[in-house]
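The lines below spell out each chain.
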Amino acid sequence: TTRLPHTSRKVYIILHKPRGFVTTMDDELGRKCVAELVSNVEQRVFPVGRLDRDSEGLLLMTNDGDFANRISHPRSHVSKTYRVTVRQQVTEDMLAKLSEGLMIDGQMTLPADVNLITKEENRNVMQITLYEGRNRQIRKMCEELGLEVIRLKRTAVGNVKLGMLKPGDWRDLSDDELRSLMASAQISASRQKRAAKAAEKAPYHKNNKNTKKQGR
């Protein structure tokens, strides 16, 4: 990978994070960090969000704090798409529950887009698109259904796709990709406000707002 020119400019890159690397710039336990993979970026960049040590795939990195906050803010709900491999058979009921939402850590997950890509005896592969970023969310959702995740790869953030980028490599975001991400964050925030207003008017909330234990 070539070095980025113009050290004074804002830098926006995507890194293909391999498994075994922690999403930090330094680790007191001496584990491998993503900082090692972007040491040839002339600006000091930091991760936007995170990927677990055992997960892999697309990780946004930048030196622009405003951009990072906008993309990772809980209200932005920029979509993140994952390829999820599990050992057990995935049933239609499991797909429906993953899609509609599950209770993890005392809170329901937002609806997700879920598709079964590969169905084999000891290997089932799903594509899951989330619209929130909770800690180890996919692993916890699968665990709730008795599914063991053996591989988890993020393949897209918004309309930005990992594509054929090799593990450990990075590239600049294009201007179009950057504009698309910023637009997605803005649109998602507006959509969330509308959804919140609609939820306030929904009969379920009116009937159950004082019944904390009701629901799934």
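Residues numbered from 1 in each chain as written. Predicted model: local features only at pLDDT ≥ 70, side-chain atom pairs only at ≥ 80, totals over all residues. Heavy atoms only, no water.

Looking only at helices and strands, the protein chain features five helices and 11 strands. For the protein chain, with 216 residues in total, the buried portion stands at 44%. (Helix = DSSP H or I, 4+ residues; strand = E, 2+ residues; numbered from the N terminus. Buried < 20%, exposed > 50% of the residue type's maximum accessible area, 1.4 Å probe, protein only.)

In this section: the environment of Ile 128. Among the structural elements, Ile 128 can be located in strand E8 (residues 124-130). Using a relative accessible area of 1% as the deciding quantity, one classes Ile 128 as buried. Taking C-alpha positions, Ile 128 is 8.3 Å from Lys 80, a pair spaced 48 residues apart along the chain. Setting aside chain neighbours within four positions, we find Ile 128 in contact with Lys 80, Thr 81, Tyr 82, Val 84, Ala 112, Asp 113, Val 114 and Ile 138. (Contact = heavy atoms within 4.5 Å.)

Averaged over all residues, the pLDDT of the protein chain is 86; the fraction at 70 or higher stands at 82%. Between residues 204-216, whose pLDDT stays under 50, and residues either more than four places distant or in other chains, the model counts 11 contacts. (pLDDT = per-residue confidence, 0-100.)

So, on to the pattern of salt bridges. Oppositely charged side chains may form a pair once their charged atoms are brought near each other. Here the structure, examined in full by the defined rule, presents 13 salt bridges. For the salt bridge of Asp 52 with Arg 136, the shortest nitrogen-to-oxygen distance reads 3.4 Å. You can see Asp 52 sitting in the loop between strand E2 (46-47) and strand E3 (56-62) and its partner Arg 136 sitting in the loop between E8 and helix H3 (137-144), a full 84 residues away along the chain. Residue Arg 136 is classed as partly exposed on the basis of its relative accessible area, which comes to 38%. (Salt bridge = Lys/Arg side-chain N within 4 Å of Asp/Glu carboxyl O.)

Next up on the list: the nonpolar core. Most often, soluble globular proteins keep nonpolar side chains buried together rather than apart. Formed by 34 residues in total, the largest nonpolar core has its most connected members in Val 84 and Met 126. Mapped by element, the contributors of at least two residues to this core are strand E1 (12-17), E3, strand E4 (80-86), helix H2 (92-100), E8, H3 and strand E9 (149-157). Val 84 has contacts with Asn 124, Val 125, Met 126, Ile 128, Ile 138, Cys 142, Val 149, Arg 151 and Leu 152, leaving out every residue within four places of it along the chain. By size, the runner-up hydrophobic cluster in this structure holds 16 residues, among which are Ala 68, Leu 162, Leu 165 and Leu 173. (Core = buried A, V, L, I, M, F, W, Y, C linked by side-chain atoms within 4.5 Å.)

Before going further, it helps to examine the environment of Ser 72. By the element assignment, Ser 72 lies in helix H1 (residues 65-72). Sequence-wise, Ser 72 and Val 48 are 24 residues apart; in three dimensions their C-alpha atoms are separated by 6.6 Å. Among the polar contacts made by the side chain of Ser 72, one reaches the main-chain carbonyl oxygen of Ala 68 at a distance of 2.6 Å. (Polar contact = N/O pair within 3.5 Å; in protein donor to acceptor, adjacent residues only side chain to side chain.)

Attention now moves to the packing of aromatic side chains. Per the stated rule, a full pass over the model turns up one aromatic pair. Consider the rings of Tyr 12 and Phe 67, whose centres lie 5.0 Å apart with planes at 75 degrees: the pair is edge-to-face. In this pair, Tyr 12 is assigned in strand E1 and Phe 67 in helix H1, connecting sequence segments 55 residues apart. In this structure Tyr 12 comes out as buried when scored by relative accessible area, which is 16%. Classification of Phe 67 as buried rests on a relative accessible area of 2%. (Phe/Tyr/Trp six-rings, centres within 6.5 Å; stacked < 30°, edge-to-face > 60°.)

So, about H2. Among the residues making up H2, those that are buried are Met 94, Leu 95 and Leu 98. Taken down its axis, H2 places every buried residue within 100 degrees of arc, on the same side. Contacts from the buried residues of H2 go to strand E7 (113-119), E8 and H3. Backbone geometry just downstream of H2 places Gly 101 in the positive-phi region, at approximately 125 degrees. (Arc of directions from axis to C-beta.)

Here two bridges tie E3 to E9, and the two strands are oriented parallel to one another. Looking across to E9, one finds that Glu 56 is bridged to Lys 153. As paired elements, E4 and E9 share seven bridges and run antiparallel to each other. Looking at the pairing, Val 86 lines up with Val 149 of E9. (Pairing = 2+ DSSP bridges.)

Examined against the element boundaries, Gly 163 turns out to sit in the loop between strand E10 (160-161) and strand E11 (170-172). We classify Gly 163 as exposed; its relative accessible area is 58%. Separated by 106 residues in the primary sequence, Gly 163 and Gly 57 place their C-alpha atoms 9.9 Å from one another.

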